[in-house]
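Structure assessment
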Amino acid sequence: MQWCQSLPPAAASDWEMLRYLMVLADFEQPAAPIELAQAKQDLQLLWLARQQVAALPLAQTVQLGMQAIVWTSQTATPQPGATGYVALALSTHFPRLLHLPATITAVAANPAGGQWVQAEWQLAGPLQDQFETTVFRYHRRAISNARQGQV
């Protein structure tokens, strides 16, 4: 993930990000409803038309939530109140850089070095609903993995 002050020209639209999140969920389901199959086909056609190869940012640990994201930054960080986009790739198997609108809400020193940065999502409508579903699914999977590790 990385913080972007402005939206790059080749950034995905809200519609494309919504379809991507639906397809990402589809890969985790045993059966795909027609709507999800159509979303997958829509994305394939769109990406084929764009023929873009976007470089993904360096992987890093983040705390991803329905309302906000927190990460450690080693570089200059924006001040609270700054608006921009969090460029985020949610899957290594089906990588796609999403540029999600956000506002920086807090910046604090990290004892391990760098700064903690918190940004609140500025999502709305169907994209917000699908993003929250995705975060909930990841959270549920993390809990399941933690329980399996304790057994």
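Okay, so let's go over this structure.

This paragraph deals with helix α1 (residues 14-26). Given a rise of 1.5 Å per residue, 13 residues ought to cover 18 Å, and the 18 Å separating the end C-alpha atoms of α1 matches this to within 8%. Taken together, the buried positions of α1 are Glu16, Met17, Leu18, Arg19, Tyr20, Leu21, Met22, Val23, Leu24, Ala25 and Asp26.

On to the nonpolar core, then. By size, the foremost hydrophobic cluster in this structure holds 31 residues, and its most contacted members are Trp71, Val86, Leu88, Leu100 and Trp121. Here the element with the most residues in this core is α1; it accounts for seven residues. Leave out the neighbours within four places in its chain, and tryptophan 121 touches Leu64, Gly65, Met66, Gln67, Ala68, Ile69, Val86, Leu88, Leu100, Pro101, Ala102 and Phe131.

On to the sheet that holds strand β4 (residues 83-89). Strand order in the open sheet formed by six strands is β1-β4-β5-β6-β3-β2, with antiparallel pairing between adjacent strands. The two strands at the open ends of the sheet, each matched to only one other strand, are β1 (2-4) and β2 (62-64). Recorded for the sheet is a direction-independent mean angle of 35° between the axes of neighbouring strands.

Conventions and cut-offs
- Residues numbered from 1 in each chain as written.
- Predicted model: local features only at pLDDT ≥ 70, side-chain atom pairs only at ≥ 80, totals over all residues.
- Heavy atoms only, no water.
- Helix = DSSP H or I, 4+ residues; strand = E, 2+ residues; numbered from the N terminus.
- Expected span 1.5 Å × (residues − 1).
- Buried < 20%, exposed > 50% of the residue type's maximum accessible area, 1.4 Å probe, protein only.
- Core = buried A, V, L, I, M, F, W, Y, C linked by side-chain atoms within 4.5 Å.
- Contact = heavy atoms within 4.5 Å.
- Pairing = 2+ DSSP bridges.
- Axes fitted to C-alpha atoms, helices over the stretch in contact; angles between N-to-C directions.

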